[in-house]
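Here is how the chains run, residue by residue.
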Amino acid sequence: MKERILGVDVHCVTMGSAVAMGLELLDTPGTHRCYTPNPKLLSMAREDEGLRNILNGADLSLPDGVGVLLAARLTGKSLTERVAGADFALALAKAAGERHKSVYLLGGAPGVAERAGEKLQKACPGLVLAGTADGYFADPQAAADRVRQTGAELVYVCLGCPKQERWIARYGERTGAGLLAGLGGTLDVLAGDIKRAPKPVQRLGLEWLWRALCQPRRMRELWRLPDFLAAAVRERNEGNGREVDRP
Ligand code: UDP
């Protein structure tokens, strides 16, 4: 089941059901796409129809942020729980490892994907590391061809948003992989270069604030938040208006 949040479909999932859907997509013929919308990505999509269409072409769309859950609630909808991209990446890799699937890690500064790969293999017995590459390539098509040569089944695409969503939409099929997931800074987290917020901070729904304090460049992104929530309130009011106008 999906809910449309500010023009973008987001799945109502728990971590468990998201992983189960990811595994199912991996076993279904064809190329599938998973995006992890957070308030930043949803704000961008409000102003960009092309990006909105890309996101709505997802086979799996995970609510990556309490801001998305809050926007859902403000628009009278309900999503089950936050499914953080980095947590999903690890949980899916563990389940994929049990099935001896292969993963390709694309993104981050030089060396990050390799280190993330080493840690992921240790944490996920059975997982095959098909390959790694940094995210600062000159030729995006050649980057997809390099993935294809490895025969990877699963690809973690960590180029930041909206670059990763655009790359997946344009070149995903070319990689020949069964599932590509856009996962932002997940490789930095897996490599141990960026620490997640402590669990109590996560439980309070304040990881966004923690990240802004740890990475000051993120402070600049916070200006989107009030506007994002105001848009959700407007959508609810307009929606209510339409209900009233209906014959
Ligand atoms: N990145 C990349 N290629 C680029 C731009 C960024 O591989 O051209 C990487 C960057 O090194 C970082 C990640 O993408 O590892 C972006 O992380 P961030 O947490 O900022 O993601 P966002 O908030 O944009 O989803």
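Residues numbered from 1 in each chain as written. Predicted model: local features only at pLDDT ≥ 70, side-chain atom pairs only at ≥ 80, totals over all residues. Heavy atoms only, no water.

## Concerning the pairing of strand 5 (residues 102-107)
For step 1, the next point in the chain: Strand 5 sits mainly inside the fold: six of its six residues count as buried.
For step 2, the next point in the chain: One crossover worth recording links strand 5 to the parallel strand 6 (residues 128-133) by way of helix 6 (residues 112-123), and it is right-handed.
For step 3, the next point in the chain: Sheet topology note: the strand 5/strand 7 (residues 154-158) ladder contains five bridges and is parallel. Counterpart to G107 in the pairing with strand 7 is C158. (Buried < 20%, exposed > 50% of the residue type's maximum accessible area, 1.4 Å probe, protein only. Helix = DSSP H or I, 4+ residues; strand = E, 2+ residues; numbered from the N terminus. Right-handed = clockwise from strand over helix to strand, strands pointing away. Pairing = 2+ DSSP bridges.)

## A few points about unusual backbone geometry
For step 1, the next point in the chain: In this model, C161 is joined to P162 through a cis peptide bond whose omega is 10 degrees.
For step 2, the next point in the chain: If you trace the backbone, P162 turns up in the loop between strand 7 and helix 8 (163-175).
For step 3, the next point in the chain: Its identity is not glycine, yet L6 carries a phi of approximately 50 degrees, on the positive side.
For step 4, the next point in the chain: Judged by its relative accessible area of 7%, L6 falls in the buried class.
For step 5, the next point in the chain: The phi dihedral of H100 falls on the positive side, at around 55 degrees, and the residue is not glycine.
For step 6, the next point in the chain: Tracing the chain through its elements places H100 in the loop between helix 5 (85-98) and strand 5.

## Comments concerning the pattern of salt bridges
Two side chains of opposite charge can pair, provided their charged atoms sit close to one another.
For step 1, the next point in the chain: Evaluated as defined, the whole model comprises 17 salt bridges.
For step 2, the next point in the chain: Between E235 and K77 there is a salt bridge, with the nearest N and O atoms lying 3.5 Å from each other. One end of the pair, E235, is in helix 12 (residues 224-245); the other, K77, is in the loop between helix 4 (66-74) and helix 5, with 158 residues separating them in the sequence.
For step 3, the next point in the chain: Of the residues examined, E235 reaches a relative accessible area of 24% and is grouped as partly exposed.
For step 4, the next point in the chain: Here R99 makes a salt bridge to E98, at a shortest N to O gap of 3.9 Å.
For step 5, the next point in the chain: Look at R99 and you get partly exposed, because its relative accessible area is 41%.
For step 6, the next point in the chain: According to the relative accessible area criterion, E98 is exposed, its value standing at 60%. (Salt bridge = Lys/Arg side-chain N within 4 Å of Asp/Glu carboxyl O.)

## As for the packing of helix 1 (residues 15-26) against helix 5
For step 1, the next point in the chain: As a packed pair, helix 1 and helix 5 sit with axes 10 Å apart at the nearest point and diverge in direction by 55 degrees. The pairing of helix 1 with helix 5 is recorded here as oblique in orientation. Where helix 1 crosses over helix 5, the handedness of that crossing is right-handed. Taking contact as the criterion, the partners of M15, A18, V19, G22 and L23 in helix 1 are, on helix 5, D87, F88, A91, L92, A95 and A96.
For step 2, the next point in the chain: Its residues assigned to classes, the contact of helix 1 with helix 5 shows nine nonpolar, one polar and one charged. (Axes fitted to C-alpha atoms, helices over the stretch in contact; angles between N-to-C directions. Parallel < 35°, antiparallel > 145°, perpendicular 65-115°, else oblique. Left-handed = near helix turned anticlockwise from the far one by under 90°. Contact = heavy atoms within 4.5 Å. Nonpolar A, V, L, I, M, F, W, Y, C, P; charged D, E, K, R; others polar.)

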